[in-house]
Amino acid sequence: MLAASVLSDSALEHYRGGFENPGMFAPLASAALALAGAARASRRPARPAPALPFGAACAVGAAGLGFHTYNLLRRPGGLSWGNLFYAAPLGAPVALSLAGLLGLAARELGRGAPTLARLPRRRALGLLTAAGLAGTSLEAALLHFRGAFHNPAMWLPVSLPPVAAALLAGAAAHPPEAAPRLTRLARACLNATAWLGVAGVALHARGVARQMGGWRNWSQNVLSGPPLPAPPSFSALALAGGAALELP
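These figures come from a predicted structure and were not determined experimentally.

(A) Just the nonpolar core, in detail. In this structure, Leu2, Leu102, Leu125, Leu133, Leu190, Leu237 and Leu245 are the most contacted members of the largest nonpolar core, which totals 39 residues. Secondary-structure elements contributing two or more residues to this core are helix 1 (2–16), helix 2 (26–43), helix 3 (52–74), helix 5 (91–110), helix 6 (121–146), helix 7 (156–172), helix 8 (180–209) and helix 10 (232–246). The biggest single contributor to this core is helix 10, with seven residues. Leaving out residues up to four positions away in the same chain, Leu190 has contacts with Leu133, Ala164, Leu168, Ala238, Gly241, Gly242 and Leu245.

Rendered as structure tokens:
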């Protein structure tokens, strides 16, 4: 789900940028490969998924972060709020790397690995997902601040996911039987965050409809309105966090 969100978001944003650099096709290709790898693994859980698509997503995401940072710093004013608002987003390529890391983690879990990155599986996947939720919320805060939080619902993606991330990190640090109340609370917040991603798509669609011409002018307003593919990333990370809490 996260790879699909990155694929559609990159396609829209880079199309808006006119694909002026051939490298702008790379995240689309790598996200599509990661998505295909995840789909293949879900159809054949008995066979280990290939690592190449997920490793490529990690590498392309890291390279994209470098390009986006360069793009931001070369603009007049350098590192400033205005450039953070309107330059290439730093969080998008990080999301691609995160999709690759989650794919690699799922691959290792499918192979029955006892640890991930030398940490207990529950703790490693929980911390990775919690960091992703916090980072995604930070990007939402930046973009919603640009929108002046004109709708009270815009506060939800900057308040609920950080709470879910903190609870997830705390619950994942303990075995399920050691902190049952914390685990239940973390699951509840993760479930709410997953539904927040669904509701976010509807709210962003309403935002597109409020643009000049509404959905009749969809070819322009989908590009200039709130990004439709962004909210599902919360759902994807919340589901991954819930999966982490299911691990022993």
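(B) Focus on the layout of surface pockets. Size it by volume and the second largest pocket reaches roughly 690 Å³. Around the second largest pocket sit 29 residues that line it, and Ala38, Phe54, Leu102, Gly103 and Ala106 are the ones nearest its centre. Counting only elements with at least two residues in the lining of the second largest pocket, the list comes to helix 1, helix 2, helix 5 and helix 10. When residues of the lining of the second largest pocket are assigned to their parent elements, the largest contribution, eight residues, is made by helix 5. Residue composition of the lining of the second largest pocket, grouped by class: 22 nonpolar, three polar and four charged.

(C) Geometry of the packing of helix 6 against helix 10. Two elements in contact, helix 6 and helix 10, have axes whose closest approach is 8 Å; the angle formed by their N-to-C orientations is 160°. Comparing their axes, helix 10 and helix 6 come out roughly antiparallel. Seen from above, helix 6 lies across helix 10 with left-handed handedness. Along the contact surface, helix 6 presents Arg122, Leu125, Gly126, Thr129, Gly132, Leu133, Thr136, Ser137 and Ala140, while helix 10 presents Ser233, Phe234, Leu237, Ala238, Ala240, Gly241, Ala244 and Leu245. When grouped by side-chain class, the residues that make up the contact of helix 6 with helix 10 number nine nonpolar, seven polar and one charged.

(D) Geometry of the pattern of salt bridges. Overall, the coordinates contain four salt bridges when judged by the stated rule. Note that Arg111 is salt-bridged to Glu108, the shortest N-O span being 3.3 Å. What makes Arg111 exposed here is its relative accessible area of 51%. Residue Glu246 is joined to Arg187 by a salt bridge in which the shortest nitrogen-to-oxygen separation is 3.2 Å. One end of the pair, Glu246, is in helix 10; the other, Arg187, is in helix 8, with 59 residues separating them in the sequence. One continuous salt-bridge network, built from bridges that share partners, spans Arg107, Glu108 and Arg111.

(E) View of unusual backbone geometry. Positive phi is not limited to glycine here, since Phe19 has a value of about 45°. Structurally, Phe19 can be placed in the loop between helix 1 and helix 2. Not every positive phi belongs to a glycine, and Ala148 is a case in point at roughly 65°. Structurally, the position occupied by Ala148 is in the loop between helix 6 and helix 7.

Basis of the calculations
- Residues numbered from 1 in each chain as written.
- Predicted model: local features only at pLDDT ≥ 70, side-chain atom pairs only at ≥ 80, totals over all residues.
- Heavy atoms only, no water.
- Core = buried A, V, L, I, M, F, W, Y, C linked by side-chain atoms within 4.5 Å.
- Buried < 20%, exposed > 50% of the residue type's maximum accessible area, 1.4 Å probe, protein only.
- Helix = DSSP H or I, 4+ residues; strand = E, 2+ residues; numbered from the N terminus.
- Contact = heavy atoms within 4.5 Å.
- 1 Å grid on protein atoms, 1.4 Å probe; cavity = no way out; pocket = protein on both sides within 12 Å on 5 of 7 lines; lining within 4 Å.
- Points joined across faces, edges and corners; volume = space filled by probe spheres on them.
- Nonpolar A, V, L, I, M, F, W, Y, C, P; charged D, E, K, R; others polar.
- Axes fitted to C-alpha atoms, helices over the stretch in contact; angles between N-to-C directions.
- Parallel < 35°, antiparallel > 145°, perpendicular 65-115°, else oblique.
- Left-handed = near helix turned anticlockwise from the far one by under 90°.
- Salt bridge = Lys/Arg side-chain N within 4 Å of Asp/Glu carboxyl O.

By themselves these figures say nothing about function.
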